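Overview (structure and organization)
Each chain, written out:
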Amino acid sequence: MIRIDNDIALQDWEITESFIRASGPGGQNVNKVATAVELRFEAARSPSLTPAVKARLKRLAGRRWTKEGAIILHCDETRSQQRNRDIVRDRLVDLVRQALVAPKRRIATKPTRGSERRRLEAKKQRGQIKAGRGKIDPD
């Protein structure tokens, strides 16, 4: 079980971890030991997340969200399987915590009368400057 906060905890059946061989440098160790971790979180079926949180999580996950409604996270940063496992679990927790924060509702505001007046005055002055750039009549 992974605890997100006091109210939300992800159950063990929601998370599947598989271990695969990592690419990159590592000598003979890389050919023998499966150190890379692929974590699959069944987000769409999770009973601990509300529909609004699931929608935000889907948007945050992007390409990591599958058609079945699962999030797949991958880590092969270190040569230690346990460290990669900790890293990928931390990433999942961070992702869910970001989805828990509801965005603030934007309140439309109207510009003040003074700011509109100042803007129009600046536009008039700029227009006069540009109008004075024309050719000068020899008359």
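Residues numbered from 1 in each chain as written. Predicted model: local features only at pLDDT ≥ 70, side-chain atom pairs only at ≥ 80, totals over all residues. Heavy atoms only, no water.

Points about the overall build of the protein chain
- Looking only at helices and strands, one finds four helices and five strands in the protein chain.
- Starting at the N terminus, the α and β elements of the protein chain follow one another as β-β-β-α-β-α-β-α-α.
- For the C-alpha atoms alone, the extent of the protein chain along its principal axes is close to 90 × 45 × 25 Å.
- With 139 residues in all, the protein chain has 28% of them scored as buried.
- Sequence separation of 24 or more characterises 58% of the internal contacts of the protein chain that already satisfy a separation of 6 or more. (Helix = DSSP H or I, 4+ residues; strand = E, 2+ residues; numbered from the N terminus. Buried < 20%, exposed > 50% of the residue type's maximum accessible area, 1.4 Å probe, protein only. Contact = heavy atoms within 4.5 Å.)

Focus: the side chain of Thr66
- Structurally, the position occupied by Thr66 is in the loop between helix 2 (51–61) and strand 5 (71–75).
- In this view, Thr66 contacts Arg40 and Ile72; residues no more than four positions away in its chain are not counted.

Some words on the nonpolar core
- One finds Phe41, Leu57, Ile71 and Leu92 to be the most contacted residues of the largest nonpolar core, which totals 24 residues.
- Those elements giving two or more residues to this core turn out to be strand 4 (36–41), helix 2, strand 5 and helix 3 (81–100).
- With residues near it in sequence (within four places) discarded, Phe41 still touches Leu10, Glu14, Ile15, Ser46, Leu49, Leu57, Gly69, Ala70, Ile71 and Leu92. (Core = buried A, V, L, I, M, F, W, Y, C linked by side-chain atoms within 4.5 Å.)

Brief notes about the pattern of salt bridges
- Tallied over the full model, the rule gives five salt bridges.
- One salt bridge in this structure joins Glu68 and Arg40, with 3.5 Å as the shortest N-O distance. Note that Glu68 is positioned in the loop between helix 2 and strand 5 and Arg40 in strand 4, a separation of 28 residues in sequence.
- Residues Arg91 and Glu77 are paired through a salt bridge, measuring 2.1 Å at the closest nitrogen-oxygen approach. With Arg91 in helix 3 and Glu77 in the loop between strand 5 and helix 3, this residue pair connects regions lying 14 residues apart in the sequence.
- Look at Arg91 and you get partly exposed, because its relative accessible area is 31%.
- Judged by its relative accessible area of 53%, Glu77 is exposed. (Salt bridge = Lys/Arg side-chain N within 4 Å of Asp/Glu carboxyl O.)

Some details on the sheet that holds strand 5
- A sheet is described by the order of its strands in space; here three strands give the open sequence 3-4-5, paired in antiparallel fashion. Taken across any chain shown, the strands that pair with only one partner, and hence form the sheet edges, are strand 3 (15–20) and strand 5. Taking each pair of neighbouring strands and ignoring which way they run, the sheet shows an average axis angle of 20°.
- Pairing geometry for strand 3 and strand 4, over six bridges, is antiparallel. Bridge pairing links Ile20 to Ala36 in strand 4. (Pairing = 2+ DSSP bridges. Axes fitted to C-alpha atoms, helices over the stretch in contact; angles between N-to-C directions.)

Everything listed is a geometric property; what it means functionally is a separate question.
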